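Residue-level structure breakdown
Letter by letter, the chains look like this.
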Amino acid sequence: MNENIFYIDAKTKIVDFLTTEFSGTFPIKLQNRFLNFFPQITNYEEEGHKYKPAIFFTNNIDAVVKNVPNATKIVLFNDINENMFASRLKSLIPFCNLNWCVYVSVSDDKTEYGIFRIINSIKDESLETVLFKSQTLLDKSNKLFGIYVYAENTWTITMRSLKGRMVNVNFALDIKVVNNWEDEIKEFVDASFAKLRTSSKKLQDIKNMYKNIFKNVMRSIDGTICVVVDSDYKPDAFFEDGIWLTEPINLSKLFAQTNQYNEQKLTTIADVFMTMLNFDGITVVDNMGQIRAYNVFIETNLKVAGNIMGGARKRAAYTIINSKRPNIIGVYFQSHEGEMFYAPVKR
């Protein structure tokens, strides 16, 4: 006896979202092609390269770009119908690894495809953040429609609209899936700079840079653990097995003054940090925003870790979380399946 199980509820919700957010004007044929493509978004692959695409559907890309500071677009295709939808996305999605977003701009007589992004510093807010913070776009959202679709992780596709609505389509059956990456990462970023004393502008710039780095980690690194310790922490037997920097990398010193910084140096250090996070083991930072160590290993204690389902990385994370060590503040965890969380160390 054969039994088929379908995510039919997800299809219904996606159609409802497209219909509502575009006030009934989203073309039916384009909708059907998008629905066929939709499941590929979390695990999109071309010629051995994996991508986590971001696709923006709108009825007027020019108006969106005009109202987003420092935004630019590149038009690649103008089609009279939706027949080439999958082919167009195949040609455009690889640009997402360079922080471009694919756009599909739909009007009565054509469908325009291309890529757009903000040309800004790594210390500035990302395109996604700016789109949904813009009061101007929100005020125009009764006539200017926009839906941002992206892979939150390996199991979840998120759709956000300019009107402020969000829908998460979850394909996972048994792992914790983050419903809002922004909220989860904020606690981690705040903990990483809790002791840093500087101007509010400089602090926000540093936090933006940190957030952008970890957004790229989510998109390009299969798994990582990053532990936040107190700035007074001295390496002990718990974190002994690893590479401790003789001189910690102080992120706040990358910003000489509030309005003066070296962009090339920022991106270079960001690349170094991401490389550390991509090593096996744990990366250690402190609450002054300093990078202290990487490639750190601990002895996993199954009794301390608790009854945790998962691999060695997850058991290590929970060994730290349940360690009750006073100078260890919290743990950022990301698995290769896409599970992600930040948790403070239990006291």
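All values derive from a computational prediction rather than experimental measurement.

1. Side note on the overall build of the protein
- Scanning the protein for helices and strands turns up 11 helices and 15 strands.
- Scaling as 2.2 N^0.38, a compact globule of 347 residues should have a C-alpha radius of gyration of about 20 Å, and the protein matches this with 22 Å.
- Taken over the C-alpha atoms alone, the protein extends approximately 65 × 65 × 35 Å along its principal axes.
- In the form shown here, the protein has an accessible surface area of approximately 17400 Å², with 49% of it arising from carbon and sulfur atoms.

2. As for the packing of aromatic side chains
- This structure, assessed with the given rule, holds 27 aromatic pairs.
- Ring plane angle 35° and centroid distance 5.7 Å describe the contact between Tyr210 and Phe273, whose orientation is recorded as tilted. Here the residue Tyr210 occupies a position in helix H8 (residues 200-220), and Phe273 occupies one in helix H9 (residues 263-277), the gap between them amounting to 63 residues.
- Put simply, the rings of Phe22, Phe26, Phe34, Phe37, Phe38, Tyr44, Phe57, Phe85 and Phe145 pair up and form one aromatic cluster.
- Here Arg117 stacks its cationic end above the ring of Trp100, 5.8 Å away from the centre of that ring.

3. Describing the sheet that holds strand S15 (residues 340-344)
- Pairing in this open sheet of six strands is mixed, and the strands run S11-S13-S12-S10-S14-S15 from one edge to the other. Each having just a single partner strand, strand S11 (241-250) and S15 make up the two edges of the open sheet. Averaged over all pairs of adjacent strands, the angle between their axes in this sheet comes to 15°, without regard to strand direction.
- Looking at chain direction, strand S10 (residues 224-229) and strand S12 (residues 282-286) are connected through five bridges and run parallel. The residue bridging Ile225 from the neighbouring strand is Ile282, located in S12.
- Lying on the sheet, helix H7 (residues 181-192) is in contact with S10, S12, strand S14 (328-334) and S15; it crosses S15 at an angle near 40°.
- Across the sheet, H8 is in contact with S10, S12, S14 and S15; its angle to S14 comes to roughly 40°.

4. Quick word on the environment of Asn142
- In this structure, Asn142 sits in the loop between helix H6 (135-139) and strand S7 (146-151).
- Sequence separation of Asn142 and Glu21 is 121 residues, and the distance between their C-alpha atoms is 8.9 Å.

5. Digging into empty space enclosed by the protein
- Using the criterion set out here, one finds two cavities of 30 Å³ or more in the structure.
- By volume, the largest cavity is sized at about 50 Å³.
- As for the largest cavity, its lining consists of Lys52, Tyr150, Ala151, Glu152, Lys215, Met218 and Arg219.
- Looking at the lining of the largest cavity, the elements that each hand over two or more residues are S7 and H8.
- In terms of residues, the lining of the largest cavity owes the most to one element, H8, which gives three residues.
- A breakdown of the residues in the lining of the largest cavity according to their chemical character gives three nonpolar, no polar and four charged.
- Along the walls of the second largest cavity sit Ser126, Thr129, Trp181, Glu182, Lys211, Asn212 and Lys215, which together make up its complete lining.

6. Here's the deal with the environment of Phe193
- Structurally, the position occupied by Phe193 is in the loop between H7 and H8.
- Other than its neighbours up to four places away in sequence, Phe193 contacts Leu203, Ile206, Lys207, Tyr210, Leu251, Asn287 and Gly289.

7. Let's talk about the pattern of salt bridges
- Tallying each qualifying case throughout the model produces 19 salt bridges.
- With a closest N to O distance of 3.7 Å, Glu21 and Arg165 form a salt bridge. Here Arg165 lies in the loop between strand S8 (156-161) and strand S9 (166-170) and Glu21 lies in helix H1 (residues 8-21), a separation of 144 residues in the sequence.
- Linking Lys201 and Asp205 is a salt bridge whose minimum nitrogen-to-oxygen distance equals 2.9 Å. With a gap of four residues between them, Lys201 and Asp205 both fall in helix H8, about one helical turn apart.

Criteria and cut-off values
- Residues numbered from 1 in each chain as written.
- Predicted model: local features only at pLDDT ≥ 70, side-chain atom pairs only at ≥ 80, totals over all residues.
- Heavy atoms only, no water.
- Helix = DSSP H or I, 4+ residues; strand = E, 2+ residues; numbered from the N terminus.
- Rg over C-alpha atoms; globule rule 2.2 N^0.38 Å.
- Areas by Shrake-Rupley, 256 points an atom, 1.4 Å probe, with all protein chains shown as cover.
- Phe/Tyr/Trp six-rings, centres within 6.5 Å; stacked < 30°, edge-to-face > 60°.
- Lys NZ or Arg CZ within 6 Å of the ring centre and 35° of its normal.
- Pairing = 2+ DSSP bridges.
- Axes fitted to C-alpha atoms, helices over the stretch in contact; angles between N-to-C directions.
- Contact = heavy atoms within 4.5 Å.
- 1 Å grid on protein atoms, 1.4 Å probe; cavity = no way out; pocket = protein on both sides within 12 Å on 5 of 7 lines; lining within 4 Å.
- Points joined across faces, edges and corners; volume = space filled by probe spheres on them.
- Nonpolar A, V, L, I, M, F, W, Y, C, P; charged D, E, K, R; others polar.
- Salt bridge = Lys/Arg side-chain N within 4 Å of Asp/Glu carboxyl O.

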